[in-house]
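Each chain, written out:
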Amino acid sequence: MTLRGPRAPKDFWAGLLFIGIGVGFALAARHYPMGTTVRMGPAYFPTVVGGLLAVLGLIILGNAFVREGPAVPRSSLRPFLLVPLAVVLFGLLLKPGGLVLASVVLVVVGALGGSEIRWKEVVVLGVLLAAFSVATFVKGLGLPIPVWPGE
């Protein structure tokens, strides 16, 4: 019997990623009290979700050796740089620029990380996210977040 590599490289790497994240969450929660199902402690939720994620990763990883699948496409650094940059800019702009501006910048810069940009959709998504954020966090929850620049 010869040892074969994964037949679905995308599933192989996705499975490893899920396992790594799941195990990471479970390990990060190990210093907190677990509690019981009835009285959950702070470690309960991350441990259970991390375990479920790791099990899902094992299933995906196993499928990588059974089913044929596509190869992993070449990746560019642009999404790995622009998506986190969008989140950082949101945090930096929130107080001085307000929630509306920060939300729109988040969507626009995040969209620049993609390979196909449809500007009409990006603008609509930015406006909808800003409106939803203001309605939820400022109006609904009453959080003291500035909505517009200079507030």
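Here, the structure is the one placed above.
Numbering of residues starts from 1 in each chain and follows the order in which that chain's sequence is written. Per-residue local features are limited, in this predicted model, to residues with pLDDT of at least 70; the limit for side-chain atom pairs, both in listing and counting, is 80 or more; totals at the level of whole chains, interfaces and linings are taken over all residues. Values shown for side chains rest on all heavy atoms present in the structure; no hydrogens or waters enter the calculation.

1. A word on the environment of Val-72
Then step 1. Secondary structure elements follow DSSP: runs of H or I no shorter than four residues count as helices, runs of E no shorter than two count as strands, and numbering proceeds from the N terminus. Along the chain, Val-72 turns up in the loop between helix 2 (44-64) and helix 3 (77-112).
Then step 2. Only protein chains enter the accessibility calculation, which uses a 1.4 Å probe; a residue is then buried when its area is under 20% of its type maximum, exposed when over 50%, and partly exposed in between. Relative accessible area serves as the criterion here: at 45%, Val-72 is assigned to the partly exposed category.
Then step 3. Between the C-alpha atom of Val-72 and that of Arg-118, which follows or precedes it by 46 residues, the distance is 25 Å.
Then step 4. In this structure, Val-72 is in contact with Pro-9, Lys-10 and Trp-13, ignoring residues within four places of it in sequence. Contacts were defined at the residue level, with two residues in contact if any of their heavy atoms lie within 4.5 Å.

2. Let's talk about the nonpolar core
Then step 1. The set of buried Ala, Val, Leu, Ile, Met, Phe, Trp, Tyr and Cys residues whose side-chain atoms join them within 4.5 Å is what this entry labels a nonpolar core. The biggest cluster of nonpolar side chains holds six residues, and these are Leu-99, Val-100, Ala-130, Val-134, Val-138 and Val-147.
Then step 2. Among the elements of the structure, helix 3 and helix 4 (119-140) are those that each provide at least two residues to this core.
Then step 3. The element best represented in this core is helix 4, accounting for three residues.
Then step 4. With residues near it in sequence (within four places) discarded, Val-100 still touches Ala-130, Val-134, Val-147 and Trp-148.
Then step 5. Residues Phe-12, Ile-19, Leu-61 and Ala-64 belong to the second largest nonpolar core, which totals five residues.

3. Some details on the packing of helix 3 against helix 4
Then step 1. Direction vectors running N to C along helix 3 and helix 4 enclose 145°, while the axes themselves pass 8 Å from each other. Crossing angle aside, the handedness with which helix 3 passes helix 4 is right-handed. Listed contacts from helix 4 to Leu-99, Val-100, Ser-103, Val-104, Leu-106, Val-107, Val-108, Ala-111 and Leu-112 of helix 3 are Trp-119, Val-122, Leu-125, Gly-126, Leu-129, Ala-130, Ser-133, Val-134 and Val-138.
Then step 2. Charged means Asp, Glu, Lys or Arg here, nonpolar means Ala, Val, Leu, Ile, Met, Phe, Trp, Tyr, Cys or Pro, and polar covers whatever is left, Gly included. Per-class residue counts for the contact of helix 3 with helix 4 are 15 nonpolar, three polar and no charged. In this analysis, axes come from line fits to C-alpha atoms, helices being fitted only over the stretch in contact, and the angle between any two N-to-C directions falls in the range 0 to 180 degrees. Working rule for handedness: look at the near helix, and if it is turned counterclockwise from the far one by less than a right angle, call the crossing left-handed; if clockwise, right-handed.

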